[in-house]
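Residue-level listing of the chains:
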Amino acid sequence: MPLQGFCWFLCCRQGFNLLGRDYGEKEEEESFELRNKDDLTSTNGRGPHEVIHAQPARTSNGTNGHSVSELPEEMKSLIIEKSKMGLDEDPELLVKGWLFREVHGGWIKQRRYWFVLSQDSLDYYSSTEKGARRLGTLVLTNLCSVIWPDKKTYKETGYWSITVYGRKHCYRLYTKHFNEAVHWACAVQKVIDTKAPVETPTQLLIRDIEENKFNPEVVENIYQHNPILKYTQSPLYAPLLPFSFGSLEHTYHSGKGYASVREEAVKLFNCLQQLESAREPVPIIQGVLQTCLDLRPLRDEVYCQLVKQTSGTPAPQTLAHLRYWQLLTCMSCTFLPGPAVLKYLRFHLKRIQSQSPESEMDNYASFIVEALEKTRCRERVPSWEEIQVLMGRQEMPCAVHYPGPGSCQLYISSHTTASEVVRRMQEKLGLQESSNTFSLFEQNSLWERPIAGSTIIADILTSLSAKEPDQESQWKLCFKLYCLLDADSISEDSIEYFFLFEQCHEMVVRGQLPACEEDLQALAALRLQSVIGDFSTLSPCPPLDELFPGDMVEARVLMSLSAPPALPPGQPPAQGCPQAQRFPGGLLAGALWSHTATTAHKQRVEQDLRLRSRLKEEAAAIMSSVVERWKGLAGYSRGDSMAAYLNIARQWSGFGCTLYEVDFYISSTGSFSQKLWLGVAATSVSLYKQGEAEALESFPYGQICSYGVSDSNTFKITAGDRDLLFETTKLTEIMQLMNAYFSVLRRRRGKGDDVGITEGTEVAFRHLTATPAPTLVELPSHPV
C-alpha cells in the first residue's frame, strides 16, 4: 500500500509538471518578443548566432517531429527555390512568444504553445527549451491570409484572436493582450507580403501560349503535352488559378453559405460537369452566374474552366458538349474576365473558329466575340427567360408601355441600355424633333422611378420579374415625358400632346394638382368625355379613384367625423361634468379591464364601419356630381375634351413641374416647415404647401449656386446667401431631374457641351460655375 501511494504521488507530480510546462504556471521566458535585424545585432551585444541557438532545435523524436532532411510536404510543394540550410542554420527569427492555439478533441479547447515566426514559416513547440519538439509548421506563401483580432471573439471568449490560413493548416491563435495580437498579425502579414507570387501551371501555360500565339506548331505542342488545358471527365481537385487560403466567415457573403474561394472553385467545376447530363440546364447556369456575381475572383476561374472543357473534346458536336458553349455565352454577356484571361479567351475562340468552321461551335464563338466587345458588368444574374434566349443566340422581346393603354414591342440584347430604348421609342413614335425629353420608368399603379440612361434593360426586367406579382399593381416598363421644357409648342394632334394629357391626369389622381373641388369635378367629367365619349346609361363608368383624388375624399370624411355633433335647439352646452370615480383595484380589476378592452375594440370596429360607410356615401355624392357635369359635355370631341382639361390645369402657376414630397424643410434664415412639395420645373425650383396653389418660395436657376446630397436623406440647395435643407426620400430623383434641366440651360446659353454624367449618387455638392464640374447623378435617359 505505501508503495502504491508513493507511485501515485510520483505520477501526480509528473502530471502537474507537464501541466505547468504546457499551460505556463512557471513562465520564465518573455511572453512576446518582436525581432528585427537591428534588435538582433544590438540587444545586449548578442549577435544573430546566439539568437539562432536560442530557438528550439528541430528533432525527429515523436510522431509530430520533423527532421531537417525530411522537409514538410507543404514546404516542398510551394516553395521551389530555397537555400540549403544545415542543422545550425535556421532562418532568422522575427517573433516568438507564448500563444494559445485552438485544438479539436478532448475537454481542453485551447492549449498553450511556444510560437516562432521566421521568414518562411510559423512553427510552434512544446516549450522554450533548446531541443524542444516542434509540433507543427505552417509554411508562409503569398497565398496565406491573416484575420485580425475582432471584438466579437473577445466578448465571447475573453481572448483576442488571430487566424492564419495556410495551404494545409489553419492556426487559430489567442492571447489576452490586444497589442500582442496586433503585433503577431502585423508580423505574419509582413512576411506574407514579402513572398513572391505563386503561379499555377495553368497560368504558366497561358503565358507560354500568349508568347507563341503566332507559331501554331508550338501552340499545338503545348496543348498536346499538357492535359490540364484540355477537356476532362475527371473531377478537379485544385483551382486552375491561385487563390488565397482562408474562409469567407469574415466577408459580406458569409450568410449565403459559401465556403472558401478555393473550395467554391472546385465545386463550380463539378457543376460544369453536371451540365452534360442535366435535363434542364438553366438552374445550373443561373447558380454558376450567381456565384460569380457574389464572388468576383471566381469569374476568371470559371472562364478558364470553360476554355478547358471546350478544348480537345472527343465529341464536340453533341448537345452535352454544347452546354459548355451555352454557359460560356451567358458568361460573356454577364461578366468580363481580367485582361490576361480575356486575351487567352479570345485566342481560344479564334482557334476554335479555325479548327471547326461553319459549325455550332463556330456560331457560338462568333456570338461570344461580339458580346465581349459590348459587355459591362451586370448588376443582376440573367433571368430564366434571358438565359433561354442566350442559349439560342437570339434577342429578347421587351414590352415598353407609354401613357394610356398603348405599348410597343422591342427586341433587346443583354447589352441594350435605357438610352438606346428611349431613342428607339422616339423613332417609333415620331418624337425625334421634340424639344422636350423622355425617359424610361419602372412603374406600377402606386409607384414609379426614372431609370438612368446607362442602365442595362435586361437587369431592369430581371428585377421586375423578381418582384411579387400583384394584379392590382402590375410592374411594367413605361416611356414618358421627363423634362417638360416647352409645353406650348406641342401640337394638339400629336402623340406628345396625348402624353401630356395622360401624365397631367396622373398628377390629378395622385392629388398633386392644387385645385378647388369644382375644378377637380370638371376635370373628372372631361376625362370621362375624352375616354368614353357622350354619356350613356350603357357606358361602363370607371371607379372614382381613377378620376378624382382619393385623398380629398378621405379628408372630407375625416373632417366631418371629427366635428362635434350639433346640439338640439334650446339645449345648453354642458358646463362641466364631475370626474368619474375610479374603481379601486382588487378582485374585480381584471374583469373590469377585460370589459373595457372589449368595449374599446367594439368601438373601433364600429368607427371603422362608420368610416367606410361615409366614404361610400361621399364617393357616391361626388360621382353623381361628376356624371351630371359629364352629361353637359355632350358633343365634345376627344381633342376638345383634352384641350379643355389642359386649359384648366394650366391655370396653376406650377404647371409642368414635377412635385416631390418633402418631410421637413429648414432655411438658414430660420424658417422651417413640415410636409411640403418641392417642385422642380424648367426654369426654377419652388416650395408649395401640400394642396395650395401659390408657391411659398421660388428660386430661379440663375440664383442657385450649388445643390447636392448632404447625407442619406437630406438635400441641400444654396441660393444666394441662403442654405435650404430638405428631408426627403427622393434624393436620387431630384438630383437626376435638376441635372437634366441644368444641362439644357448650359446648352442654350452656349457655356459648354453636355454635362459629364457619372453613375450613382455621391454625398457631395455640385457647384454651378463657368466651368461645370461633373454632375453627381446620371441622367435617366440621354444627354439633352
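This text follows the structure it describes.
For clarity, every value in this text was computed on a predicted model and none was experimentally measured. The numbering scheme is per chain: residues are counted from 1 as the chain's sequence reads. Local features are withheld for residues below a pLDDT of 70 in this predicted model, meaning they are given only at 70 or higher, and side-chain atom pairs are given and counted only at 80 or more; totals for whole chains, interfaces and linings count all residues. Side-chain metrics in this entry use all non-hydrogen atoms of the structure; hydrogen atoms and water are not considered.

Enquirer: For the overall build of the chain, give the residues involved together with the corresponding values.
Expert: Starting at the N terminus, helices and strands are each numbered in turn, a helix being any DSSP run of H or I of at least four residues and a strand any DSSP run of E of at least two. When helices and strands are tallied, the chain shows 23 helices and 21 strands. Partly exposed describes any residue whose relative accessible area lies between the buried limit of under 20% and the exposed limit of over 50%, with all areas from a 1.4 Å probe on protein chains only and scaled to the type maximum. Residues classed as buried in the chain amount to 45% of the 784 residues present. Working rule for contacts: check all heavy atoms of both residues, and any pair within 4.5 Å makes them a contact. Here the contacts in the chain between residues at least 6 apart in sequence split such that 64% fall between residues at least 24 apart. For accessible areas, the Shrake-Rupley method is used with a probe of radius 1.4 Å. Any residue's cover is judged against the shown protein chains and nothing else. When the accessible surface of the chain is summed, it comes to about 42,200 Å², and 53% of that surface belongs to carbon and sulfur atoms.

Enquirer: Tell me about the side chain of Arg299, residues and numbers included.
Expert: Positionally, Arg299 belongs in helix α11 (residues 298–309). When charges are counted, Lys and Arg contribute as positive and Asp and Glu as negative, whereas His and the chain ends are disregarded. The salt bridge definition used is simple: a Lys or Arg side-chain nitrogen within 4 Å of an Asp or Glu carboxyl oxygen. In this structure, Arg299 is buried with no salt-bridge partner, the nearest side chain bearing the opposite charge being Asp294 at 7.6 Å. What qualifies as a polar contact is a pair of N or O atoms within 3.5 Å, subject to a donor-acceptor requirement within protein and to the restriction that residues adjacent in sequence count only when both atoms come from side chains. Polar side-chain contacts of Arg299 include one of 2.9 Å to the backbone oxygen of Cys292. Among residues more than four places away in sequence, those in contact with Arg299 are Cys292, Leu293, Met331, Phe335 and Cys377.

Enquirer: I'd like a description of the packing of helix α7 (residues 201–211) against helix α8 (residues 216–225), backed by residues and values.
Expert: Convention adopted: a line fitted to C-alpha atoms gives each axis, helices being fitted over their contacting stretch, and angles between N-to-C directions are expressed from 0 to 180 degrees. Across the interface, α7 lies against α8 with an axial gap of 9 Å and an inter-helix angle of 160°. Between α7 and α8, the angle is such that the two are roughly antiparallel. When you trace α7 past α8, the crossing you get is left-handed. Contacts between α7 and α8 involve Leu205, Asp208 and Ile209 from the first element and Val219, Ile222 and Tyr223 from the second. Here the residues of the contact of α7 with α8 sort into 5 nonpolar, no polar and 1 charged. An angle below 35 degrees is treated as roughly parallel, one above 145 as roughly antiparallel, one from 65 to 115 as roughly perpendicular, and anything else as oblique. Helix crossings get a hand from a simple test, with the near helix turned counterclockwise from the far one by less than a right angle marking a left-handed crossing and a clockwise turn marking a right-handed one. Lys, Arg, Asp and Glu make up the charged group, whereas Ala, Val, Leu, Ile, Met, Phe, Trp, Tyr, Cys and Pro make up the nonpolar group; the residues left over, Gly among them, are polar.

Enquirer: Please set out the environment of Val709 residue by residue, giving values where relevant.
Expert: You can see Val709 is positioned in strand β18 (residues 704–711). C-alpha separation for the pair Val709 and Leu725, spaced 16 residues apart in sequence, amounts to 9.6 Å.

Enquirer: Give me helix α19 (residues 517–531): which residues, what numbers.
Expert: One fewer than the residue count of a helix, multiplied by 1.5 Å, yields its expected span. Here α19 spans 21 Å end to end across 15 residues, near enough to the 21 Å set by a 1.5 Å rise per residue. α19 sits mainly inside the fold: 11 of its 15 residues count as buried. Restricting attention to buried positions, one finds in α19 the residues Leu520, Gln521, Ala522, Leu523, Ala524, Ala525, Leu526, Arg527, Leu528, Gln529 and Ser530. One or two positions beyond α19, positive phi appears at Gly533, with a value near 105°.

Enquirer: Could you give an account of the pairing of β18, naming the residues involved and the relevant values?
Expert: Here the rule is simple: two strands pair whenever DSSP picks up at least two bridges between them. As paired elements, β18 and strand β19 (residues 714–719) share 6 bridges and run antiparallel to each other. Along β19, the bridge assignment pairs Asp711 with Thr714.

Enquirer: Tell me about the nonpolar core, residues and numbers included.
Expert: Buried Ala, Val, Leu, Ile, Met, Phe, Trp, Tyr and Cys residues that are joined via side-chain atoms within 4.5 Å together make up what is termed a nonpolar core. In this structure, Val400, Met425, Leu440, Phe479 and Phe499 are the most contacted members of the largest nonpolar core, which totals 64 residues. When residues of this core are assigned to their parent elements, the largest contribution, 8 residues, is made by helix α18 (residues 495–509). Counting residues in hydrophobic clusters, the runner-up holds 60 residues, among them Ile209, Val302, Phe335 and Leu349.

Enquirer: Can you explain the side chain of Gln273? Please cite residues and give values.
Expert: Among the secondary structure elements, Gln273 is positioned in helix α9 (residues 261–274). Owing to a relative accessible area of 17%, Gln273 belongs among the buried residues under this scheme.

Everything listed here is a matter of geometry and, on its own, says nothing about what the molecule does.
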